[in-house]
Amino acid sequence: KIYVGADIGGTTIKVGICNVEGVLIQTYEGPTGVEVGTDEIINNIAKYARHIVEESPYAWEQVAGVGIGIAGFLDIPNGFVKHSVNLGLRNVKLRDILEEKLQKEVRINNDANVAALGEAWGGAGKGVPNCVCYTLGTGVGGGIIINGKIIEGFSGMAGELGHMQIVPDLEAIQCGCGKMGCLETVSSATGIIRMAKDAVARGDRTSLSLVEDIMAKDVVDAAKAGDEVAIRIVNRAAFYLGKSLAAVAIVLNPQRFIIGGGVSKAGDFLFDQIREVFQKLTPDIAQEGVEIVPAELGNNAGVVGAAGLLIN
Ligand code: BMX
Ligand code: ZN
């Protein structure tokens, strides 16, 4: 038996084949087709899933099922995409449509939940039954693995850690979800870029004012080089992340926090700050043995975890 996973991103759909141990055997990538529309996206998922199996040494009959990871708010039990901003999907019965097209069992889940499952199955959480994963990308994604399984909650909204209300009212700005003060507004790449642009617009003295189109990496690099304004921004992103980890630690007591996504490439510079805040805010007994580590699978976490949905 083989497991097919698909990671649906804003620009590309990545598909992969995993064996029963969570080892990624093969991957394939093609355009998502967001500009064309909903039907095109769904057709492309089906097309790439079939294609990767055709290119592989396996037969379609050996496919146990197809797992889908997709950013957005989902009704997981019903296989429904309620709203995916980046993909322009609203109220789409993604699971049922794909099952019809592929004649296989299909499971859908949130992109960050799936990344967490991927890390738990074959990455930084291997052998650890209880871990919580954060992905720091366009948004802040979250995934909770307890006893080896994704926690979805009653309607699929569990683990949307980017929307924890963590920034105090006086400093809060509005999030894409409509509420104020979400973690995602400060600790995502988007949040970091916004804080940097605000600082430049305010006329703060920073090397970032010389950067053409500021990326999160520019801010991290400037901070590492000693730029005070950039240091304050990265500190702030790390502070609210650490604060959110402390809250999650007391609710779920996971053994390991796994942090991935583009911003996590900042490495120890960021991780040390997160660990420091976490240690300051979490009761001693609740942090004993708890580790905060970088993700290991990089861009493959999504496909591996999506394939893993079939045995989740
Ligand atoms: C947002 C939300 C989450 C997603 C997270 C990370 C949307 C489209 N996305 O909080 O569902 O898990 O971003 O997404 O509503 P990424 O795009 O940064 O990977
Ligand atoms: Zn929000």
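Residues numbered from 1 in each chain as written. Chains lettered and ligands numbered in written order. Predicted model: local features only at pLDDT ≥ 70, side-chain atom pairs only at ≥ 80, totals over all residues. Heavy atoms only, no water.

Undergrad: Would you mind showing me how to read the site of ligand 1 here?
TA: As a structural note, the neighbourhood of ligand 1 is formed by 15 residues, with Asn-110, Asp-111, Gly-139, His-163 and Glu-184 the closest of them. Contact distances for ligand 1 include 2.4 Å between an oxygen atom and a side-chain N or O atom of Glu-184. Protein chains bury 87% of the 450 Å² of accessible surface belonging to ligand 1 in isolation. Every element with two or more residues in the shell around ligand 1 is listed here: helix H3 (111–122) and strand E10 (140–146). (Near = heavy atom within 4 Å. Polar contact = N/O pair within 3.5 Å; in protein donor to acceptor, adjacent residues only side chain to side chain. Areas by Shrake-Rupley, 256 points an atom, 1.4 Å probe, with all protein chains shown as cover. Helix = DSSP H or I, 4+ residues; strand = E, 2+ residues; numbered from the N terminus.)

Undergrad: Could you clarify how one ought to interpret the coordination of the zinc ion (ligand 2) in this entry?
TA: Those protein atoms acting as donors to the zinc ion (ligand 2) are His-163 (ND1), Cys-175 (SG), Cys-177 (SG) and Cys-182 (SG), and they sit at 2.1 to 2.3 Å. Here the zinc ion (ligand 2) is ringed by four donor atoms whose angles at the metal span 104 to 122 degrees, and the overall shape comes out tetrahedral. Motif for the zinc ion (ligand 2), donor spacing along one chain: H-x11-C-x1-C-x4-C. Of this pair, His-163 sits in the loop between strand E11 (149–150) and helix H4 (184–187) while Cys-177 sits in the loop between E11 and H4, placing them 14 residues apart in sequence. By relative accessible area, which is 29% here, Cys-177 ends up partly exposed. (Donors = N, O, S within 2.8 Å, 3.2 Å for Na, K, Ca; no water. Tetrahedral: all angles 85-135°; square planar, octahedral: opposite > 155°, others 65-115°. Buried < 20%, exposed > 50% of the residue type's maximum accessible area, 1.4 Å probe, protein only.)

Undergrad: Would you explain the layout of surface pockets in this entry?
TA: Taking a probe equal in size to a water molecule and rolling it over the atoms shows the remaining empty space. Here the second largest pocket defines a volume of roughly 180 Å³. Going through the elements one at a time, helix H5 (189–202) and helix H7 (228–252) are the ones with two or more residues in the lining of the second largest pocket. Taken together, the residues of the lining of the second largest pocket break down into four nonpolar, no polar and five charged. (1 Å grid on protein atoms, 1.4 Å probe; cavity = no way out; pocket = protein on both sides within 12 Å on 5 of 7 lines; lining within 4 Å. Points joined across faces, edges and corners; volume = space filled by probe spheres on them. Nonpolar A, V, L, I, M, F, W, Y, C, P; charged D, E, K, R; others polar.)

Undergrad: Can you walk me through the sheet that holds strand E6 (residues 80–84) in this structure?
TA: One key point about sheets: their strands pair by backbone hydrogen bonds, in either a parallel or an antiparallel sense. Spatially, three strands are ordered E5-E6-E7 in an open sheet, and the strand pairing comes out antiparallel. Single-partner strands in this sheet number two, and they are strand E5 (73–75) and strand E7 (89–92). With strand direction ignored, the average angle separating the axes of adjacent strands in the sheet is 20 degrees. Where E6 and E7 come together, three bridges link them in antiparallel fashion. Bridge pairing in E7 places His-83 opposite Arg-90. (Pairing = 2+ DSSP bridges. Axes fitted to C-alpha atoms, helices over the stretch in contact; angles between N-to-C directions.)

Undergrad: Quick question: what am I supposed to make of the packing of H5 against H7 here?
TA: Relative orientation of the contacting elements H5 and H7 amounts to 145 degrees, with a least axis distance of 10 Å. At the point where H5 passes H7, the crossing takes the right-handed sense. On H7, the residues that touch Ile-192, Met-195, Ala-196 and Ala-199 of H5 are Val-229, Ile-233, Arg-236 and Ala-237. Here the contact of H5 with H7 is composed, by residue class, of seven nonpolar, no polar and one charged. (Left-handed = near helix turned anticlockwise from the far one by under 90°. Contact = heavy atoms within 4.5 Å.)

Undergrad: Sorry, what's going on with the packing of aromatic side chains here?
TA: The geometry of an aromatic ring pair comes down to the distance between the two centres and the angle between the two planes. Counted according to the given criterion, the structure contains three aromatic pairs. Consider the rings of Phe-239 and Tyr-240, whose centres lie 5.0 Å apart with planes at 75 degrees: the pair is edge-to-face. On the accessibility criterion, Tyr-240 (4% relative accessible area) is buried. Aromatic pair Phe-257 and Phe-278: ring centres 5.7 Å apart, planes at 70 degrees, arrangement edge-to-face. Of this pair, Phe-257 sits in strand E12 (residues 256–260) while Phe-278 sits in helix H8 (residues 268–281), and the two are 21 residues apart along the sequence. A single burial state applies to Phe-257 and to Phe-278, both of which are buried. (Phe/Tyr/Trp six-rings, centres within 6.5 Å; stacked < 30°, edge-to-face > 60°.)

Everything listed here is a matter of coordinates, which is why it stays silent on function.
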